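Observations on chain architecture
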Amino acid sequence: MPDKARLVVLISGTGTNLQAILDACRIGTLPADVAAVVSNKSDAFGLERARTAGVPAVARPKPKEQDRRAYDAQLADLVGSYRPDWIILAGWMRVLSDNFLSRFPNRVINLHPALPGTFPGTHAIERAFEAFGKGEIRETGVMVHLVPDEGVDSGPVLLQEAVPISAADTLATLEARIHTVEHRLLVQAIASVIHPSPDPAP
Ligand code: GAR
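Residues numbered from 1 in each chain as written. Predicted model: local features only at pLDDT ≥ 70, side-chain atom pairs only at ≥ 80, totals over all residues. Heavy atoms only, no water.

**Here's the deal with the side chain of Glu-182**
By secondary structure assignment, the location of Glu-182 is in helix H6 (residues 171-194). Of the side chains bearing the opposite charge, Arg-184 lies closest to the buried Glu-182, which forms no salt bridge; the N-O distance is 11 Å. When sequence neighbours within four positions are dropped, the list of residues in contact with Glu-182 reads Asn-17, Leu-111, His-112, Pro-113 and Val-142. (Helix = DSSP H or I, 4+ residues; strand = E, 2+ residues; numbered from the N terminus. Buried < 20%, exposed > 50% of the residue type's maximum accessible area, 1.4 Å probe, protein only. Lys, Arg positive; Asp, Glu negative; His and termini not counted. Salt bridge = Lys/Arg side-chain N within 4 Å of Asp/Glu carboxyl O. Contact = heavy atoms within 4.5 Å.)

Below is the structure:
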């Protein structure tokens with residue numbers, strides 16, 4: 001097996017988590033190379049980050065008239081052409097169908113800004129902050145998990161970390177804290193699948 005894993009990173013927006021991956025690859029904390037970055041949004045700033053890092057950056061918006069599954073099959077062809085060991089969903093805001101997932105079984109990793117089973121989908125941090133305001137929760141968190149099927153932000157958890165919310169928080173301070181945790185946890189989770197630690201001796 002080659003030393004470095006090949007990653008394809010799928011994004012839809014700013015790409016601060018992509019940046020964390022690119023930085024970790026550059027300084028060597030992650031034994032991996034980003035082979036390509038693909039965005040479903042042509043104006044995603046993350047594409048710029050990829051170009052700056054010298055990584056192929058591809059915009060692949062879904063045409064309105066195209067069926068979701070046909071789009072996913074073509075997306076799988078594109079991603080597969082970069083021969084990835086792992087596909088990282090770092091702020092990729094489309095649910096992937098089996099037309100994509102069946103091509104990369106156990107090879108797709110998703111980041112979500114909430115704890116397992118909570119606030120799936122979009123605006124997870126905002127919804128957690130609202131739930132805190134109503135006294136329903138006292139903490140939220142971050143998880144990184146495998147994507148086995150079409151479930152939204154669900155699947156076997158690789159790493160998770162709770163983030164407490166305090167009365168002094170605003171949505172902005174909570175978001176900032178969660179993003180800081182995300183940048184660290186995502187890199188750690190990718191490192192853990194690239195080089196799984198051996199089982200402890202019985
Ligand atoms: C991150 O907070 C990520 O967890 C979230 O999108 C943001 C992307 O930020 N993903 C989801 O909500 C998935 N359901 P970034 O573009 O700065 O990395």
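Now that the structure has been shown, the text picks up again.
**A few points about the packing of helix H5 (residues 124-133) against H6**
In contact at an axis separation of 10 Å, H5 and H6 are set at 125 degrees when each is read in the N-to-C sense. With respect to H6, the axis of H5 lies oblique. H5 and H6 meet at a crossing whose hand is right-handed. Here Ile-125, Glu-126 and Phe-129 of H5 come into contact with H6, specifically with Leu-171, Leu-174, Glu-175, Ile-178 and His-179. Counted by class, the contact of H5 with H6 contains five nonpolar, one polar and two charged residues. (Axes fitted to C-alpha atoms, helices over the stretch in contact; angles between N-to-C directions. Parallel < 35°, antiparallel > 145°, perpendicular 65-115°, else oblique. Left-handed = near helix turned anticlockwise from the far one by under 90°. Nonpolar A, V, L, I, M, F, W, Y, C, P; charged D, E, K, R; others polar.)

**Concerning the site of the ligand**
Lining the immediate surroundings of the ligand are 13 residues, of which Gly-15, Thr-16, Asn-17, Asp-153 and Glu-182 lie closest. Take Gly-121: an N or O atom from its main chain is 3.4 Å from a nitrogen atom of the ligand. When isolated, the ligand has an accessible area of 450 Å², and the protein chains bury 88% of it. Listed by contribution, the elements that provide at least two residues to the shell around the ligand are helix H1 (16-27), strand S5 (108-112) and H6. (Near = heavy atom within 4 Å. Polar contact = N/O pair within 3.5 Å; in protein donor to acceptor, adjacent residues only side chain to side chain. Areas by Shrake-Rupley, 256 points an atom, 1.4 Å probe, with all protein chains shown as cover.)

**Digging into the pairing of S5**
The buried fraction of S5 amounts to five of the five residues, a majority that puts the element mostly inside the structure. Judged by which residues are buried, S5 turns out to be covered on both faces: Val-108, Asn-110 and His-112 on one side and Ile-109 and Leu-111 on the other are all buried. Here strand S4 (residues 86-89) pairs with S5 via three bridges, running parallel. Within S5, the position partnered with Leu-89 by the bridge is Asn-110. Here S5 pairs with strand S6 (residues 139-146) via four bridges, running antiparallel. Along S6, the bridge assignment pairs Asn-110 with His-145. (Pairing = 2+ DSSP bridges.)

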